[in-house]
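Close look at the chain arrangement
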Amino acid sequence: MTSHILLGVFQLFLIIGGSLAVALYVIDRLFPPIERIREPGNESVVAPPPGGPGMLRLPHAPAPEETALPAAPPWLGAYWRANLRLIGPMLLIWLFSFTLPALLAPILNSISVLTGFPLGYYLSGQGALLFFVALTVIYSWRMARLDRRFGVYVADTAEQRRYRSRLIRNYAIFIACFILFVVVVGALDAFYDLPAPFVGWLFLFLTIAIYAVIGLRARTNRLDEYYVAGRRVPGLLNGLATGSDWMSAASFISMAGALFLLGYEGLAYITGWTGGYVLLVLLLAPYLRKFGQFTVPDFIGARYPGAMPRVIAAVASVIISFTYLTAQVTGVGIIMSRFLGLNYMLGVIVGLAAVLLCSFLGGMKAITWTQGVQGIILVFAYLVPVTWLSFKLTGVPLPQLMYGEALRNIEALEASQGIARSYTAPFNDWSPLNYLALTICLMLGTAGLPHILVRFYTVPTVRESRSSVGWALAWICVLYLTAPAYAAFSRWEILENVVGRPAGDLPAWAENWARTGLLAFADAPDAGGNGDGVLQYRELSIDQDLIVLATPEIAGLPTTVVALVAAGGMAAALSTADGLLMVIASAVAHDVFHRTLNPGASRRERLWLGRILILVVAILAALTALQRLAIIVQMVAWAFSLAAATFFPVLVLGVFWKGATSRGAAAGMLSGLLVTLVYMGLNYTMPEFHLFGISHVAAGIFGVVVNFVVTWSVSRAGPRPAPATEALVDHLRYP
């Protein structure tokens, strides 16, 4: 038996590896090696981006002692104190905006607002998000005024304004064409009853073809364009691309499902995955842009001189990104197996091939434009079914407002069907401490994810980095304000039209999804049911990855809408996978191999090493995804825990505390990572083991505390950083 398993794994490795190797070979033949535009012989200095003010020049072994930094301006102290006076109150407002509604939810839920929302549920599901958007906008506006006051405001050039106008025009044309395509396919389907697999393949082929065309048109032979899109991406486009990179398979496929099953507790994902953007704009994004290199380990290696902090950061980047990548590959496999009828394994291979096709042609430059398109597709695909459901059930096509009526109906149906735990009641399954721990962990993880942080290297100025955070959060909130509506309308539909039906007379969608393993029925006594022949809610087992993908079929929406949702799910998974593969490749090829082990490596050696790593990582991600170790949203939460426990403390301390040392940062990152991994493994394998009722998805909360304490303690116990390191910190603190 063991020999058969090993043989199967070996065959799978050959199939995936062979397919990807052929793709890489073809790409390498078609497109020239990456070249850096620079003067001959200048191998030790990274070329600054065109027009990038304040760009920091670093040698390949980036010790601050070797960098020529300008003297700190005399007004820096006043500027920094004014910045801190803004950050402090905003952090307090941020903290209270999600903790108070959660702690007071049992009381606030007795008050009904708008269309029937329990006030506690509304404040956690929508009110906190509106607070977060307001905080990012206000901070960016106030900092722009502060920059003008100190004479460091960088206005847009005429060329930048023209580029932004072309950008808006091009994306407006794409939106119009895509809507027209959906309408035409829908009309053809209505008149000629097109086969569902044909419609699904049509949407998949069109979207992947669009991504490939963008990759071809955006291909580049410049290293700065390949890694950071030439640092010329406007804040609007970077926000759109960041939002797309962010709204992964977990956001699109699993988040509404988590809300469907968890009720109020699922709102931790809504607030956690958006509140982190406040931390980004207040604490990290502007300073990373001022630093202006290629990767997060680049920043850590410069702020904390020495090989150890950089290598630890690179290894942590790989671990975090691989965990996140596995979740995206799992989502691709689910979509391919259900909507296109492919075997799950074959679906994973096809999806990975699409990722390679889209990301390798032009690096970050192509990824940025592709993610902009993918973000539009996934949000459009997400909004159409739930808007349709809202109109069908309430007569008003505004799901974000009308799902309060759905919540009222859910409570009535739960009471009539004997469901004891109310959908909107807080803390049925979790303690308040576990809820807040997960929320904070997701927020800190958001501010520590490498594939999100590198996006702020791509904008031309510090001001644009702040504005891009606001644009990203606004775009994300379009989906996140809708997710609770998706869950509520889906739950209302299932409780009203599925639960209570004869077990032998279930709709066709149920049989279709049962074959994927995401849906199961247990009416028979030996399966745990009561055997009365009628499906009860407790006899219905629904995987949360199913809700968004199956809801169009559940509600009887046209085949075109079902295919559109599948295309949106694919866009969500592929857009995030692109960024994650780039992070993994750059972490090993750039930070470990080139920066640490072999500074004299040629460009072609580094490029081929990155491609080989992509091949290996893609195979490993496919093999891991085949195991279905956890639902998608859990794997993503693990990645956030690891990012929070590893990167967030040392990044923040690196900017806001000059006393943080290399030894302290290395010890802090290692201890935070190990504590998180150990707790995560113990609680996942032995659920009875826990501290304060905190589950494995929030394990990073312990690692964050340990990282901060260890970094501070070890730094205090040793000598202060070198004067050049302190000068680097000063240099980061103004635009």
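From a predicted model like this one, the values you see are computed outputs, not experimental measurements.

Definitions and cut-offs
Residues numbered from 1 in each chain as written. Predicted model: local features only at pLDDT ≥ 70, side-chain atom pairs only at ≥ 80, totals over all residues. Heavy atoms only, no water. Helix = DSSP H or I, 4+ residues; strand = E, 2+ residues; numbered from the N terminus. Buried < 20%, exposed > 50% of the residue type's maximum accessible area, 1.4 Å probe, protein only. Contact = heavy atoms within 4.5 Å. Areas by Shrake-Rupley, 256 points an atom, 1.4 Å probe, with all protein chains shown as cover. Salt bridge = Lys/Arg side-chain N within 4 Å of Asp/Glu carboxyl O. Patch = residues over 30% accessible without salt bridge, like charges linked within 9 Å, V, L, I, M, F, W, Y side chains within 5 Å. Lys, Arg positive; Asp, Glu negative; His and termini not counted. Charge placed at Lys NZ, Arg CZ, Asp CG, Glu CD. Expected span 1.5 Å × (residues − 1). Phe/Tyr/Trp six-rings, centres within 6.5 Å; stacked < 30°, edge-to-face > 60°. Lys NZ or Arg CZ within 6 Å of the ring centre and 35° of its normal. pLDDT = per-residue confidence, 0-100. Polar contact = N/O pair within 3.5 Å; in protein donor to acceptor, adjacent residues only side chain to side chain. Axes fitted to C-alpha atoms, helices over the stretch in contact; angles between N-to-C directions. Left-handed = near helix turned anticlockwise from the far one by under 90°. Nonpolar A, V, L, I, M, F, W, Y, C, P; charged D, E, K, R; others polar. Parallel < 35°, antiparallel > 145°, perpendicular 65-115°, else oblique.

Looking only at helices and strands, the protein features 28 helices and four strands. Residues counted as buried form 60% of the 735 residues belonging to the protein. Taking all contacts inside the protein whose residues are at least 6 apart in sequence as the whole, residues at least 24 apart take part in 84%. Accessible surface for the protein amounts to roughly 26500 Å². Of this, 67% is attributable to carbon and sulfur atoms.

Under the definition given, this model contains ten salt bridges. Residue Glu-464 is joined to Arg-164 by a salt bridge in which the shortest nitrogen-to-oxygen separation is 3.9 Å. One end of the pair, Glu-464, is in helix H18 (residues 462-480); the other, Arg-164, is in helix H5 (residues 158-192), and 300 residues separate them in sequence. Note on Glu-464: relative accessible area 5%, which makes it buried. Since its relative accessible area comes to 22%, Arg-164 is described here as partly exposed. Between Lys-658 and Asp-730 there is a salt bridge, with the nearest N and O atoms lying 2.7 Å from each other. Of this pair, Lys-658 sits in the loop between helix H25 (648-656) and helix H26 (662-685) while Asp-730 sits in helix H28 (residues 723-732), placing them 72 residues apart in sequence.

A word on the environment of Leu-237. Topologically, Leu-237 is positioned in helix H8 (residues 235-246). Looking at Leu-237, the relative accessible area reads 2%, which means it is buried. If sequence neighbours within four positions are ignored, Leu-237 has contacts with Tyr-163, Leu-167, Tyr-171, Thr-368 and Trp-369.

What follows is about a positive patch on the surface. Together, Arg-161, Arg-162, Arg-166 and Arg-169 line one region of the surface with positive charge. According to the relative accessible area criterion, Arg-161 is partly exposed, its value standing at 43%.

Here we take up helix H4 (residues 119-149). When the terminal C-alpha atoms of H4 are compared, their 41 Å separation across 31 residues agrees well with the 45 Å that a helix rising 1.5 Å per residue should span. Backbone geometry just after H4 places Gly-151 at a positive phi near 75°.

Summed over the entire model, instances satisfying the criterion amount to 33 aromatic pairs. Where Tyr-163 meets Trp-369, the ring centres are 6.5 Å apart and the plane angle is 90°; that geometry is what we call edge-to-face. Of this pair, Tyr-163 sits in helix H5 while Trp-369 sits in helix H14 (residues 363-394), and the two are 206 residues apart along the sequence. Taken together through their ring pairs, the aromatic side chains of Trp-246, Tyr-269, Trp-273, Tyr-277, Tyr-324 and Phe-640 make up a single cluster. Lying across the ring of Tyr-153, Arg-148 places its NZ or CZ 4.0 Å from the centre.

The subject of this paragraph is unusual backbone geometry. Here Leu-114, not a glycine, exhibits a phi torsion of approximately 55°, which is positive. With respect to the helices and strands, the residue Leu-114 is situated in the loop between strand E1 (112-113) and strand E2 (117-118). Exposure remark for Leu-114: the relative accessible area of 59% places this residue in the exposed category.

This paragraph deals with the environment of Val-469. With respect to the helices, strands and loops of the structure, Val-469 is situated in helix H18. By relative accessible area, Val-469 is classed as buried at 0%. For the pair Val-469 and Ala-285, spaced 184 residues apart in the sequence, the C-alpha separation amounts to 7.9 Å. Excluding its chain neighbours within four sequence positions, the residues that come into contact with Val-469 are Tyr-277, Val-281, Ala-285 and Phe-456.

Turning next to a nonpolar patch on the surface. On the surface, Leu-92, Leu-95, Phe-96, Leu-100, Leu-103, Leu-104 and Ile-107 cluster together into a nonpolar patch covering about 640 Å² of accessible area. At five residues, the largest contribution of residues to the nonpolar patch is made by helix H2 (residues 76-103).

When pLDDT drops low, the exact placement of atoms in the prediction is not to be read closely. The pLDDT averaged across the protein works out to 81; a share of 85% of its residues lies at or above 70. Across residues 23-67 the pLDDT falls below 50, and counting only partners more than four positions away or on other chains, this stretch makes 101 contacts in the model.

With that settled, the discussion passes to the side chain of Thr-136. By the secondary structure assignment, Thr-136 is in helix H4. Residue Thr-136 is classed as buried on the basis of its relative accessible area, which comes to 1%. A polar contact of 2.8 Å, which involves the side chain of Thr-136, links it to the backbone oxygen of Val-133. The residues contacting Thr-136, other than those within four sequence positions of it, are Tyr-277, Val-278, Val-281, Gly-470 and Leu-473.

With their axes 8 Å apart at the nearest point, helix H15 (residues 399-416) and helix H19 (residues 483-497) run at an angle of 35° to one another. Relative to H19, H15 is oriented so that their crossing is left-handed. Facing Pro-399, Gln-400, Met-402, Tyr-403, Glu-405, Ala-406, Leu-407, Asn-409, Ile-410, Leu-413 and Glu-414 of H15, the residues of H19 in contact are Pro-484, Ala-485, Ala-488, Phe-489, Arg-491, Trp-492, Leu-495 and Glu-496. The residue inventory of the contact of H15 with H19, partitioned by class, reads 13 nonpolar, two polar and four charged.

With that settled, the discussion passes to the environment of Ala-601. Position of Ala-601 among the secondary structure elements: in the loop between helix H22 (559-597) and helix H23 (603-626). Separated by twelve residues in sequence, Ala-601 and Ala-589 place their C-alpha atoms 9.9 Å apart.

A separate point is the packing of H5 against helix H6 (residues 196-217). Relative to each other, H5 and H6 sit at 165°, their axes nearing to 12 Å. By the angle between their axes, H5 is roughly antiparallel relative to H6. Where H5 crosses over H6, the two elements pack in a sense that is right-handed. On H6, the residues that touch Phe-174, Phe-181, Val-182 and Val-185 of H5 are Val-199, Leu-202, Phe-203, Leu-206 and Ile-210. Here the contact of H5 with H6 is built from residues that sort into nine nonpolar, no polar and no charged.

Positionally, Arg-303 belongs in helix H11 (residues 296-303). The buried charged residue Arg-303 lacks any salt bridge partner; its closest oppositely charged side chain belongs to Glu-726, at an N-O distance of 7.8 Å. Engagement of the side chain of Arg-303 in a polar contact is seen with the backbone oxygen of Gly-654, the distance being 2.7 Å. Looking at Arg-303, its side chain comes within polar contact range of the main-chain oxygen of Trp-657, at 3.0 Å. The residues contacting Arg-303, other than those within four sequence positions of it, are Leu-653, Gly-654, Trp-657, Lys-658, Gly-659, Ala-660, Thr-725, Leu-728 and Val-729.

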